[in-house]
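Structural description and commentary
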Amino acid sequence: MSGGQPETKIGRKGLAVAALLLTASALALLRPAPAFSQETELRGEVSESAILADQQRKARRAQGSQGQTPPAAAVQDTASTTYQPSSPGAVPDDDQTAGATDSIFDQPQATDDPLAVTKAPAKPRRPSTAKQRAQDAKAGAKTADKKKAKKKTGEATDSTTTAATVGTGNRTDATATGDEDGSNRRAVTIDSVDKQKLDPGQERTASIEGLKVKPEEDPFAAPGIKVGTFLFRPTLEQGFTATSNADSSSTGKSAVLSETALRFTATSDWRENSALITGYGQFRNTVSGQKINDAQGRIEGQLNVDLDNELRAIAKLGYEAAPESASSPDAIAGVTQQPLRQTVDGSVGLEKSVGKMRYALTGAVSHDFYGDAELSDGTTVSQKDRDSTLYTATLRTGYEISPALTPFTEVEAGRRLYDLRVDTDGFERSSTRLGARAGLELDMGEKLSGEFSVGWLREAIDDNRLPAVAGPSIDADLKWSPERGTTIGLTGKTRVETTTTANESGDILYSGRLTGERQIRANLTANSALGLDWRDYTGSDGHDLILSAEAGLTWWLNRYAGVTTRVRTEKLTSNLPGRDYTTNSVYLGLKVQR
């Protein structure tokens, strides 16, 4: 029992102290603290009648002190004078003394209340609206003066406009001053986001009528016809040719010929692989003069297939039919019509790229067969002993120095087989073909592209009595565009021409063409060509030189029709008798395309 009494006494004393503290706190809360409320500007509710009475009392006191009406300038100064509260409890400005004016706005008098927070005067209240406007006006005037000083010397400024700007633009100047200080920036409104400029990619698409259509690069090009997955572009040309030598022979005569030419291209529209088909047909018939009635044409297709592992396959197939030229070494004299020569050829090639190395292997087959020649007496001469087939295999190896330059070497091996092992004169005409070339492949885009090569070509005949046909080999296929709308082409080819003439092996024909095309206007195109052929006969010193030149114009009336014309001259000079001739011709026709 004695051990619990001290704890009870201590507990009771603690309760008494706690009750005393609570009582003192309640009394302190019940008594108002005017100093604290004045400092925090918490005045409580003030009625409108009390405010009105206070303003009237101030007005009467001001009139009594002045005794008369001040001038206009004084009124203006008074209007901008800072508000002077005189009621008890109001906080005086720094340059005024606080005094009791029996106003409800006067600062409460100091008391001896021990519970007051502090007896020091409250902090000065912030300037009134009128005073703030006056300060803003001064700041605006200073800003205007700075802007005037930056203007050019001698520029007059209207004083009335300046005064109006200073007087009525206080709010704008204050805003500008606040913006310069960075402390009074106007908050962005919510709807201002809608006024922001949209991203150009999100702008509404304009109407089709308002769009500027980009001009076509070639507005007179054939639009083509869609046929399945191919785009078919046909061209039909009809005209008349006036020539001085109808059949381009040493005995040819002048004539007026009707010429009809049909050309077409068909290009595939596939995703990966591609195909191209080209063809032409030309028909000539005499209108007046020497009798000519012949036709020739060719069709060729090419297929490109991309295989795996940088492997590409190229396949070609073609057919050509044309009458034997009267200037050919094998032309038959005294015939009404030269025999028809037909050729079927095809090839398959594989191209492989390994790093910068380029490999290509091509196998080709070409079969020539001839029709019978019709003599002037009505009899025919068979040409079957001229039918033959040529098989060749070509291996090319190249190294890509750069994407534009790829030098290469090429070897060729082949075999020519005649349908008749022994011809009518008792000669074995079959032969073995070997060739080697070195060249350069160019790929500079539209500026310059193609390839050229030089080497040696030899074709040995099985019959030992006949010498081999051999000589340098020159091949080229280049396109150069010095400027837009101008294309210059250079082609060269070396070909072995066989013969069935007794005791002769044949010849090598070198052919070269330099062509030019210029688009003078969108609907006017000029073209020209220069040709040089050299035929070297094997086993003799005979040779032929053929020079040709051509120039033409095509004027397109619209996208589908145009007028074309050309002039041409050709001359053959030979050291063999009976082969020289000269041909001049003029052509005028209408071309239609789709």
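Counting restarts for each chain: residues are numbered from 1 in the order of the written sequence. Where totals are concerned, whole chains, interfaces and linings use all residues; where local detail is concerned, this predicted model gives features only for residues with pLDDT of at least 70, and gives and counts side-chain atom pairs only at 80 or more. With hydrogens and water stripped out, all remaining heavy atoms of the structure feed into the side-chain values.

**Quick look at the overall build of the protein chain**
The helix count covers DSSP runs of H or I at least four residues long, the strand count covers runs of E at least two residues long, and both are numbered beginning at the N terminus. Counting secondary structure elements, the protein chain contains 7 helices and 22 strands. Expressed as a percentage of the 594 residues in the protein chain, the buried residues total 28%. Residue contacts are defined here by distance: any two heavy atoms, one from each residue, within 4.5 Å place the two residues in contact. Long-range pairs, those at least 24 residues apart, make up 54% of the contacts in the protein chain with a sequence separation of at least 6. Only the protein chains shown count as cover for residues, with accessible areas throughout obtained via the Shrake-Rupley method and a probe of 1.4 Å. Summed over its atoms, the accessible surface of the protein chain is roughly 38900 Å², and 57% of this surface lies on carbon and sulfur atoms. The classification of residues rests on relative accessible area computed with a 1.4 Å probe and restricted to protein chains. Under 20% of the type maximum is buried, over 50% is exposed, and intermediate values are partly exposed.

**As for the packing of aromatic side chains**
Stacked, tilted and edge-to-face pairs are distinguished by plane angle, under 30 degrees for stacked and over 60 for edge-to-face with tilted covering the rest, among Phe, Tyr and Trp rings (Trp via its six-membered ring) whose centres lie within 6.5 Å. Across all of its chains, the model carries 2 aromatic pairs by this definition. On the numbers, 5.7 Å between centres and 80 degrees between planes, the contact of Phe 230 with Trp 270 is edge-to-face. Here Phe 230 is found in strand 2 (residues 230–243), whereas its partner Trp 270 is found in the loop between strand 3 (255–268) and strand 4 (274–289), with 40 residues between them in sequence. Assessed through its relative accessible area of 36%, Trp 270 is described here as partly exposed. Ring centres 5.6 Å apart and planes at 40 degrees place the aromatic pair Phe 232 and Phe 264 in the tilted group. Placement of the pair is Phe 232 in strand 2 and Phe 264 in strand 3, with a sequence separation of 32 residues. Classification of Phe 232 as partly exposed rests on a relative accessible area of 27%. Residue placement shows Arg 396 over the ring face of Phe 408; its charged tip is 3.8 Å from the ring centre. A ring is considered to have a charge above it if a Lys NZ or an Arg CZ atom is located within 6 Å of its centre and within 35 degrees of its normal.

**Some remarks on the pairing of strand 5 (residues 293–307)**
Paired strands, in this sense, are two strands between which DSSP finds at least two bridges. One ladder, built from 12 bridges, connects strand 4 with strand 5; its direction is antiparallel. Bridge pairing in strand 5 links Thr 278 to Glu 300. What sits between the antiparallel neighbours strand 4 and strand 5 is a turn of 3 residues. The pairing of strand 5 with strand 6 (residues 311–323) spans 11 bridges and is antiparallel. Counterpart to Gln 302 in the pairing with strand 6 is Lys 316. What sits between strand 5 and strand 6 in their antiparallel hairpin is a turn of 3 residues, with Asn 309 showing a positive phi close to 55 degrees.

**Details of the sheet that holds strand 7 (residues 335–337)**
As summarised here, the arrangement of the 3 strands in space is 7-10-11, forming an open sheet in which the pairing is antiparallel. Lying at the two open borders of the sheet, with one neighbouring strand each, are strand 7 and strand 11 (380–381). Inspection of the sheet shows strand 10 (residues 373–375) paired to strand 11 by 2 bridges, in the antiparallel sense. Residue pairing across strands places Glu 374 opposite Thr 380, the latter belonging to strand 11.

**Re the environment of Thr 583**
Assignment of secondary structure puts Thr 583 in strand 22 (residues 581–593). Along the chain, Thr 583 and Thr 243 lie 340 residues apart, while their C-alpha atoms are 7.0 Å from each other. For Thr 583, the residues in contact, after removing those within four places along its chain, are Thr 243, Ser 244, Asn 245, Ser 248, Arg 568, Thr 569 and Glu 570.

**Let's talk about the side chain of Arg 396**
Within the secondary structure, Arg 396 sits in strand 12 (residues 388–399). At 3.0 Å, the side chain of Arg 396 and the side chain of Glu 451 are in polar contact. Once you skip the residues sitting within four places of it in the chain, Arg 396 turns out to touch Arg 358, Tyr 359, Ala 360, Phe 408, Thr 409, Glu 410, Glu 441 and Glu 451. Think of a polar contact as two N or O atoms within 3.5 Å of one another; within protein, one of them needs to be a possible hydrogen donor and the other a possible acceptor, and neighboring residues in sequence only count if both atoms come from side chains.

**With respect to unusual backbone geometry**
Even without a glycine there, the phi angle at Asn 309 is positive, about 55 degrees. Mapped onto the elements, Asn 309 comes out in the loop between strand 5 and strand 6. With phi around 65 degrees, Asn 503 is a residue other than glycine that occupies positive phi space. Structurally, Asn 503 is set in the loop between strand 17 (486–498) and strand 18 (506–521).

**A look at the side chain of Thr 500**
Following the sequence through the fold, Thr 500 ends up in the loop between strand 17 and strand 18. In contact with Thr 500, not counting residues within four places along its chain, are Asp 385, Arg 386, Asp 423, Asp 425 and Arg 429.

**Quick word on a nonpolar patch on the surface**
The residues that make up patches have over 30% relative accessible area and no salt bridge, and they are joined within 9 Å when like-charged or within 5 Å when they are Val, Leu, Ile, Met, Phe, Trp or Tyr. Salt bridge, as used here: a side-chain nitrogen of Lys or Arg that lies within 4 Å of a carboxyl oxygen of Asp or Glu. A cluster of nonpolar residues, Leu 236, Leu 262, Trp 555, Leu 557, Val 563, Leu 588, Leu 590 and Val 592, forms a patch on the protein surface that exposes about 700 Å² of accessible area. Among the elements that make up the nonpolar patch, the one with the highest residue count is strand 22 (3 residues). As for its position among the elements, Leu 590 is in strand 22.

**Considerations on the confidence of the model for the protein chain**
Each residue gets a pLDDT score, which is the predictor's confidence in that residue and runs from 0 to 100. Model confidence for the protein chain is summarised by a mean pLDDT of 79, while 69% of its residues fall at 70 or above. Here residues 93–100 scores under 50 on pLDDT; set against residues more than four positions off or in separate chains, the count is 12 contacts. Note that residues 151–184 has pLDDT below 50 and, in this model, 21 contacts with residues that lie over four places away or in other chains.

**Structural notes on the pattern of salt bridges**
All chains considered together, the criterion is met by 35 salt bridges. A salt bridge links Asp 345 to Arg 298, with the nearest nitrogen and oxygen atoms 3.3 Å apart. A residue pair is termed long-range when its members are at least 10 positions apart, and Asp 345 in strand 8 (residues 340–354) and Arg 298 in strand 5 qualify at 47 residues. The exposure class assigned to Arg 298 is buried, which follows from its relative accessible area of 19%.

**Looking at the environment of Pro 339**
Looking at the element boundaries, Pro 339 is found in the loop between strand 7 and strand 8. Of the residues examined, Pro 339 reaches a relative accessible area of 1% and is grouped as buried. Expressed as a C-alpha distance, the spacing of Pro 339 and Ser 382, which sit 43 residues apart in the sequence, is 9.0 Å. Ignoring any residue separated from it by four or fewer positions in sequence, one finds Pro 339 in contact with Ala 322, Pro 323, Glu 324, Gly 371, Asp 372, Ala 373 and Gln 383.

**Here's the deal with the environment of Thr 229**
Along the chain, Thr 229 falls in the loop between strand 1 (225–227) and strand 2. What makes Thr 229 partly exposed here is its relative accessible area of 41%. In sequence terms Thr 229 and Thr 267 are 38 residues apart; their C-alpha atoms lie 8.4 Å from each other. Beyond its immediate stretch of four places on either side in the chain, Thr 229 contacts Thr 267, Ser 268, Asp 269 and Trp 270. Within the local environment of Thr 229, its side chain forms a polar contact with the side chain of Trp 270, the two groups lying 3.0 Å apart.

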